[in-house]
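Each chain, letter by letter, is given below.
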Amino acid sequence: MLSNNELTMKKTFYSNGKLLITGEYVVLDGAKALALPTKFGQNLIVEDALDNQIQWRSYDHDSSIWFEETIPFSSIVERKQYDEIHNMKNILIAILHEAYQLNSNFITQSKGYQITTRLTFPKFWGLGTSSTLINNIAQWLEVDAYQLLKKSFGGSGYDLACAQNDSAIIYQLVDDKPIVQKVAFYPDFTEKIFFVYLNRKQSSKTAIASYLHKQGAIDKAIVVIDSITETIVHSKNPKEFAIALQKHEIEMSNVLELQTVQEALFPDFNGVVKSLGAWGGDFVLAISKENPTDYFKSKGYSVVVPYCEMIL
């Protein structure tokens, strides 16, 4: 029987959200990607409990509960899958099962847990609900976050690097291993940069599968994207930055055989709009001389976040 003292033990973990500025998709094939951690993220609070189960509760940014379940330890060990209505429960069990494979102590040496997660951004924004969760679980269980990601969701891992770092990074996969380089990225024109939510959540998993299906010879594209990433990191003025973003969009448009987001949605915008991460959803970056909030709101896009409010 646990004493009251043992039951009150509480551990708290936090991970940053992310935005991928350059290298979307091609980062999977070794391109250099500029990624920025956000001021928004997710907490994971772990308390001891009983009954050989996890009582799990997840809160959205507005304190509403968006997920609540009880997961028996046996379901984690056996990787039990429930029917489709419990999709989120199945995903969580799959992650925890892989974590158990990496470090079984959290099951074998415990009586149970009460776990609470709290997002500081709306979960539909796509700033890393999954990556912040995986990184928090990895911190809690002292396992390698990249291994846990590889065994569960998959992906390049740049989002984990953002979760773990408080500054801009250049992220690259070399021989399938993550290389994270912190960079000083403080453009003195950030007041001209905004992030606009496109009102629809994009599935990274689906977008990656589509890219892998379409990719042809992309070695040349990687050389171009690497060069653009370096230009963007070291841009001295907004014009140089905007032109580099535009070149990036054109290059990726050719690779993906898709219209750029500016061609598709904002052809009359006086500035440059660039897709971030999965094309066709989540956030885009906009740079313009004037504050573009009214323009985007007139087009039906009400979430326009200035750079200084978004990026760490």
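Computed from a predicted structure; not experimentally measured.

## A closer look at the sheet that holds strand β9 (residues 272-275)
With antiparallel pairing, the 4 strands of this open sheet are ordered in space as β9-β10-β8-β11. Edge positions in the open sheet fall to β9 and β11 (304-306), since each of these has one partner strand only. For this sheet, the mean inter-axis angle between neighbouring strands, taken without regard to orientation, is 25 degrees. Relative to β11, strand β8 (residues 193-197) runs antiparallel, the two being bridged by 3 bridges. Bridging across to β11, Phe-195 finds its partner in Val-305. Across the sheet, helix α10 (residues 238-256) touches β8, β9 and β10 (283-287), and the angle it forms with β9 is around 45 degrees.

## Some remarks on the packing of aromatic side chains
Throughout the structure, instances matching the rule amount to 17 aromatic pairs. Plain terms: the ring middles of Phe-269 and Tyr-295 are 5.1 Å apart, the flat faces sit at 50 degrees to each other, and that makes the pair tilted. Linking Phe-269 in the loop between α11 (261-265) and β9 with Tyr-295 in helix α12 (residues 293-298), this pair joins segments that are 26 residues apart in sequence. Among the residues examined, Tyr-295 registers a relative accessible area of 18% and is labelled buried. A network of ring pairs unites the aromatic residues Phe-40, Phe-124, Trp-125, Tyr-197 and Phe-283 as a single cluster. Seen from the ring of Tyr-82, Lys-89 lies directly overhead, with NZ or CZ sitting 4.0 Å from the centre. For Arg-118, the ring lying beneath its charged end belongs to Tyr-59, and the centroid distance is 4.1 Å.

## Details of the side chain of Thr-129
Assignment of secondary structure puts Thr-129 in helix α5 (residues 129-141). Ignoring any residue separated from it by four or fewer positions in sequence, one finds Thr-129 in contact with Gln-42, Trp-66, Leu-119, Phe-121 and Lys-123.

## Re the nonpolar core
Formed by 41 residues in total, the largest nonpolar core has its most connected members in Trp-56, Phe-106, Ile-137 and Trp-140. Contacts of Phe-106, omitting those with residues within four sequence positions, involve Phe-73, Ile-76, Leu-96, Ala-99, Tyr-100, Tyr-113, Trp-140 and Leu-141. Counting 33 residues, the second largest nonpolar core, distinct from the first, contains Leu-19, Leu-36, Ile-232 and Ala-244.

## Some words on the pattern of salt bridges
Per the stated rule, a full pass over the model turns up 8 salt bridges. One salt bridge connects Glu-230 with Lys-32, and the closest N-O pair in it is separated by 3.4 Å. In this pair, Glu-230 is assigned in helix α9 (residues 219-233) and Lys-32 in the loop between β1 (10-20) and β2 (33-48), connecting sequence segments 198 residues apart. Judged by its relative accessible area of 27%, Glu-230 falls in the partly exposed class. Among the ionic pairs, Asp-268 bridges to Lys-299, the shortest N-O distance being 3.3 Å. Of the two residues, Asp-268 sits in the loop between α11 and β9 while Lys-299 sits in the loop between α12 and β11, which places them 31 residues apart along the sequence. For Lys-299, a relative accessible area of 35% corresponds to the partly exposed category.

## Remarks on the environment of Tyr-25
Its place among the elements puts Tyr-25 in the loop between β1 and β2. On the accessibility criterion, Tyr-25 (10% relative accessible area) is buried. For the pair formed by Tyr-25 and Met-252, sequence separation is 227 residues and the distance between their alpha carbons is 8.7 Å. Only 3.0 Å separates the side chain of Tyr-25 from the backbone nitrogen of Trp-279, close enough to count as a polar contact.

## Here we look at the environment of His-248
Along the polypeptide, His-248 turns up in helix α10. For His-248, a relative accessible area of 0% gives the class buried. Spatially, the C-alpha atoms of His-248 and Gln-181 are 21 Å apart, while their sequence positions differ by 67 residues. Setting aside anything within four residues of it in sequence, one finds His-248 in contact with Thr-22, Gly-23, Glu-24, Ile-225, Ile-228 and Lys-274.

## Describing helix α3 (residues 87-102)
The terminal C-alpha atoms of α3 lie 23 Å apart, and with 16 residues this matches the ideal 22 Å at 1.5 Å per residue to within 8%. Every buried residue of α3 is accounted for by Lys-89, Asn-90, Leu-92, Ile-93, Ala-94, Ile-95, Leu-96, His-97, Glu-98, Ala-99 and Tyr-100. Considering only its buried residues, α3 is in contact with β3 (53-59), β4 (65-72), α2 (73-78), α4 (105-108), α5 and α6 (145-151).

Each value, and the rule that gives it
Residues numbered from 1 in each chain as written. Predicted model: local features only at pLDDT ≥ 70, side-chain atom pairs only at ≥ 80, totals over all residues. Heavy atoms only, no water. Pairing = 2+ DSSP bridges. Helix = DSSP H or I, 4+ residues; strand = E, 2+ residues; numbered from the N terminus. Axes fitted to C-alpha atoms, helices over the stretch in contact; angles between N-to-C directions. Contact = heavy atoms within 4.5 Å. Phe/Tyr/Trp six-rings, centres within 6.5 Å; stacked < 30°, edge-to-face > 60°. Buried < 20%, exposed > 50% of the residue type's maximum accessible area, 1.4 Å probe, protein only. Lys NZ or Arg CZ within 6 Å of the ring centre and 35° of its normal. Core = buried A, V, L, I, M, F, W, Y, C linked by side-chain atoms within 4.5 Å. Salt bridge = Lys/Arg side-chain N within 4 Å of Asp/Glu carboxyl O. Polar contact = N/O pair within 3.5 Å; in protein donor to acceptor, adjacent residues only side chain to side chain. Expected span 1.5 Å × (residues − 1).

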